[in-house]
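Geometric and topological summary
Each chain, written out:
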Amino acid sequence: MPETDLTWLTLLALLPAAFAAGLLVFPTRWPEAMRWWALFGSAGTLSVSLCVVVGYYQKLEGHLDKSGYPRYAEETRLDHRSERDASDAAQPIPRDRRPDDWVARRPWVERFGIQYALGVDGISLPLIVLTALITFLAVAASWKVDRSVRGYLALLLLLETGVIGAFLALDFFLFYVFYELMLLPMFVLIGLWGGGRRRYAALKFVLYTLLGSVGLLVAMIGLYTVDVRDFVDPAEVRTRAEAAARAEHGDRAIAEHVAAAAARVEVHTFDFVTLSKAGRAVMLVLSGREDRLAARLPAPPVGVPAAPDPEPDKVRLFAPGVDAAAAVARLKAQPVCTPGFQYLFFALLFVGFAVKVPIVPFHSWLPDAHVEAPTAVSMVLAGVLLKLGGYGLIRVAFPVCPWAAAELAWWVGLIGVVGIVYGALVAMGQTDFKRLLAYSSVSHMGFVVLGLAAWGSGASSQYWQWGVDGAIFQMFSHGVTAAALFFVVGVVYDRAHHRDVNRLGGLKEPMPVYAGFAAVLFFASVGLPGLCGFVGEFMVLLAAWNFSPALAVPAVLSVILTAAYLLWTWQRVYLGTNPATAGFPDLSAREAAVLLPFAVLAVALGVFPQAILLSWVDPSVTGWVANLAVLK
């Protein structure tokens, strides 16, 4: 049976790049055709992402958990699906691939165990849809770009491929390739199509991003040195042992030679799920609870329900058939099983992704990049690229180094709170509309870090689950409001040719439709109940209060600061009368078409958060929290 999910996921990742390549065949004198081609390509990517959502939701609904409820069965968890897919591929005669498990892998660089591994769950899929939607609207917002149209649109589509590929990747090396693919298009888009200080802003962006990338590269190489033989399917160890025995003894290799080779086999991987299992085992060892580690139970035959676990208190991370005592001894003999290694590599991963969030003090590139970037590029930067930092913390940093993440959770939460308060205070003092929104993004993304840091176990794990749900919801809702507000700035800049909020007053009179859209988006960013900004922040604050009231109180008070600077900005820009803006035309049909989806989403997400987003996010978050909360 064809592996249709491989086709869908590959199409989702590479379709924008294919349309970017297609721009090369257009004559230079056809800029309008290029715009429509890019718009059609981004619309196609959005359509594919929605098809994947439908398929994934059917997967959730098709499996019942032990209580008989849909969406929360083990079958729907990414780690379970990826582990099973890797086991199928490791067999001497590979089993048939499942066409609808939304995980796919193929060997890429077999010498180093690098795989073309893609997959989706409720954590990555909302951000993929957000990326496709914002890119589609950003292409529509770029209609007035008339210089080097081909290059501009091709870079925008390549940027989309890099972001979506990073959200899909289950292999660290593949993730890093897509992650770095975003760097060049964004650098060029700011450096060539930006404002007066575009070269400075582009250089600052690339230097900060490279700083984070170096940290990720070092962490990736260091994690590859970990021997994960006890966490992968025994068939893979046996295959490597047979290959080593044949290399040493030729075709005369016998069982004794294979057994001796098996004792020496080491398995190194870039697979996120396998590295996460090793990280969780290390946490139990360093916490003095290695007695809870055990091998996984063999999978039951197809169609036969799994038997109850005879030892439910065990944490089953080792592969079936592995001797837990011997596996623990091998793990303890490695540098990964030391506090120093865990602290160092968590710091490398955290800083690497903190640059993208961005977290104070790694944030100073963001205001300059936003101020100089074209409107559509600012939309993508605020709505999409910042989310890669939060996603990396969820997918990589916390699961791979959970011991250090748990030990440093309060300090990570403090960093989030500092970003929330600092961003709001600095935003209040800005007069440049774009710079104000850039610091607002720093403040809003601080809630993502705080929600992830609100670590809880036992009865408190429910609060942590709310925090992680809230962090993902906050990333999605901030992507909607931030991208829309940067387009709001671009609309008025096209008319006024400046962004000074003190000189823009009175826009409500000549531009009532524009002011109406802006009001919805401003109040959504404020966090008004009934709009999208409220849901994520409320869930994060609930989790933070249970985790540490000392962190929750300043975060709650910052909501007042956020309301103050955004409402004050609204008053200065839209109310009153101003002869300088009295003749401005209202929104064109194209501009209204760009803002309408954002406004609809801002309202719909605030009124129906469960139906639209949380119903398919929460099952994945439940599994993510369950994997980590049981360790502490």
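This text follows the structure it describes.
Computed from a prediction, not measured in an experiment: that's the story for all the values here.

Once that is clear, we can look at the overall build of the protein chain. Scanning the protein chain for helices and strands turns up 24 helices and four strands. Taking 26 Å as the expected radius of gyration for a compact globule of 632 residues, we find that the protein chain reaches 25 Å, a close match to that expectation. Overall size of the protein chain, expressed as C-alpha extent along the three principal axes, is 90 × 60 × 45 Å. Burial analysis of the protein chain (632 residues in total) assigns 60% to the buried set.

Quick look at the packing of helix H20 (residues 512-526) against helix H23 (residues 589-607) now. Running from amino to carboxyl end, H20 crosses H23 at an angle of 40°, the nearest separation of the two axes being 10 Å. The angle between H20 and H23 places the two elements in the oblique class. As for the relative orientation of H20 and H23, their crossing is left-handed in sense. Across the interface between the two elements, Phe517, Val520, Leu521 and Ala524 of H20 pack against Ala592, Leu595, Leu596, Phe598, Ala599, Ala602 and Val603 of H23.

As a further point, take the packing of helix H2 (residues 31-61) against helix H24 (residues 609-629). Where H2 contacts H24, the two axes come as close as 11 Å, and the packing angle between them is 60°. In terms of axis orientation, H2 runs oblique to H24. Crossing hand, H2 versus H24: left-handed. Listed contacts from H24 to Val53, Tyr56, Tyr57 and Leu60 of H2 are Ser615, Trp616 and Ser620. Here the residues of the contact of H2 with H24 sort into five nonpolar, two polar and no charged.

Here we take up the pattern of salt bridges. Inspection of every chain in the model, using the stated rule, returns 15 salt bridges. In this structure, the salt-bridge partner of Lys332 is Glu290, at a minimum N-O distance of 2.9 Å. Within this pair, whereas Lys332 is found in helix H12 (residues 324-332), its partner Glu290 is found in the loop between helix H11 (272-286) and strand S3 (293-295), the two being separated by 42 residues in sequence. With relative accessibility at 42%, the residue Lys332 sits in the partly exposed group. Put simply, Arg197, Lys204, Asp368 and Arg435 are held in one network by salt bridges that share partners.

A turn of α-helix holds 3.6 residues, and therefore any two residues three or four places apart point the same way. Residues Ala327, Val328 and Leu331 constitute the buried set of H12. Seen from one end, H12 has its buried residues packed into an arc of 100°, which puts them on one side. Those residues of H12 that are buried lie in contact with H11, S3 and strand S4 (315-318). You can read the cap of H12 off the contacts: a side-chain oxygen lies 3.0 Å from the backbone nitrogen of Ala325, and it is on Asp323.

As paired strands, strand S1 (residues 103-109) and strand S2 (residues 114-119) are joined by six bridges and run antiparallel to one another. By the bridge assignment for S2, Val103 is matched with Gly119.

Attention shifts here to the environment of Met539. On the secondary structure map, Met539 appears in helix H21 (residues 532-547). Measuring from C-alpha to C-alpha, the distance between Met539 and Val25 comes to 49 Å, with 514 residues separating the pair along the chain. If we ignore the near neighbours within four places in the chain, the residues touching Met539 are Trp466, Gly467, Asp469, Gly470 and Leu614.

This paragraph deals with helix H17 (residues 409-428). Taking 1.5 Å of rise per residue, the 20 residues of H17 would be expected to cover 28 Å, and the 29 Å separating its terminal C-alpha atoms lies within 8% of that figure. Where H17 is buried, its residues meet helix H13 (339-354), helix H16 (402-407), helix H18 (433-453), H21 and helix H22 (549-574).

What you tend to see is this: most non-glycine residues have negative phi, and most peptide bonds are trans. Cis rather than trans, the peptide bond between Val357 and Pro358 has omega equal to -10°. Note on placement: Pro358 falls in the loop between H13 and helix H14 (365-372). Following Val360, the chain continues into Pro361 via a peptide bond in cis, with omega recorded as 10°. Along the chain, Pro361 falls in the loop between H13 and H14. The backbone of Trp102 shows a phi angle near 55°, a positive value even though the residue is not glycine. Here Trp102 lies in the loop between helix H3 (78-90) and S1. Within the chain, His497 stands out as a residue other than glycine whose phi angle is a positive 65°. Residue placement: His497 occurs in the loop between helix H19 (461-496) and H20. Note on His497: relative accessible area 58%, which makes it exposed.

A complete count under the given rule lists 33 aromatic pairs for this structure. With centroids separated by 5.0 Å and ring planes inclined at 85°, the aromatic side chains of Phe167 and Tyr391 adopt a geometry described as edge-to-face. Within this pair, whereas Phe167 is found in helix H5 (residues 149-168), its partner Tyr391 is found in helix H15 (residues 375-400), the two being separated by 224 residues in sequence. The same class applies to Phe167 as to Tyr391, namely buried. Taken together, Phe346, Phe350, Phe398, Trp455, Trp464 and Trp624 form an aromatic cluster joined through their ring pairs. The ring of Trp568 carries Arg572 above its face, with NZ or CZ at 3.7 Å from the centroid.

About the criteria used
Residues numbered from 1 in each chain as written. Predicted model: local features only at pLDDT ≥ 70, side-chain atom pairs only at ≥ 80, totals over all residues. Heavy atoms only, no water. Helix = DSSP H or I, 4+ residues; strand = E, 2+ residues; numbered from the N terminus. Rg over C-alpha atoms; globule rule 2.2 N^0.38 Å. Buried < 20%, exposed > 50% of the residue type's maximum accessible area, 1.4 Å probe, protein only. Axes fitted to C-alpha atoms, helices over the stretch in contact; angles between N-to-C directions. Parallel < 35°, antiparallel > 145°, perpendicular 65-115°, else oblique. Left-handed = near helix turned anticlockwise from the far one by under 90°. Contact = heavy atoms within 4.5 Å. Nonpolar A, V, L, I, M, F, W, Y, C, P; charged D, E, K, R; others polar. Salt bridge = Lys/Arg side-chain N within 4 Å of Asp/Glu carboxyl O. Arc of directions from axis to C-beta. Polar contact = N/O pair within 3.5 Å; in protein donor to acceptor, adjacent residues only side chain to side chain. Pairing = 2+ DSSP bridges. Expected span 1.5 Å × (residues − 1). Phe/Tyr/Trp six-rings, centres within 6.5 Å; stacked < 30°, edge-to-face > 60°. Lys NZ or Arg CZ within 6 Å of the ring centre and 35° of its normal.

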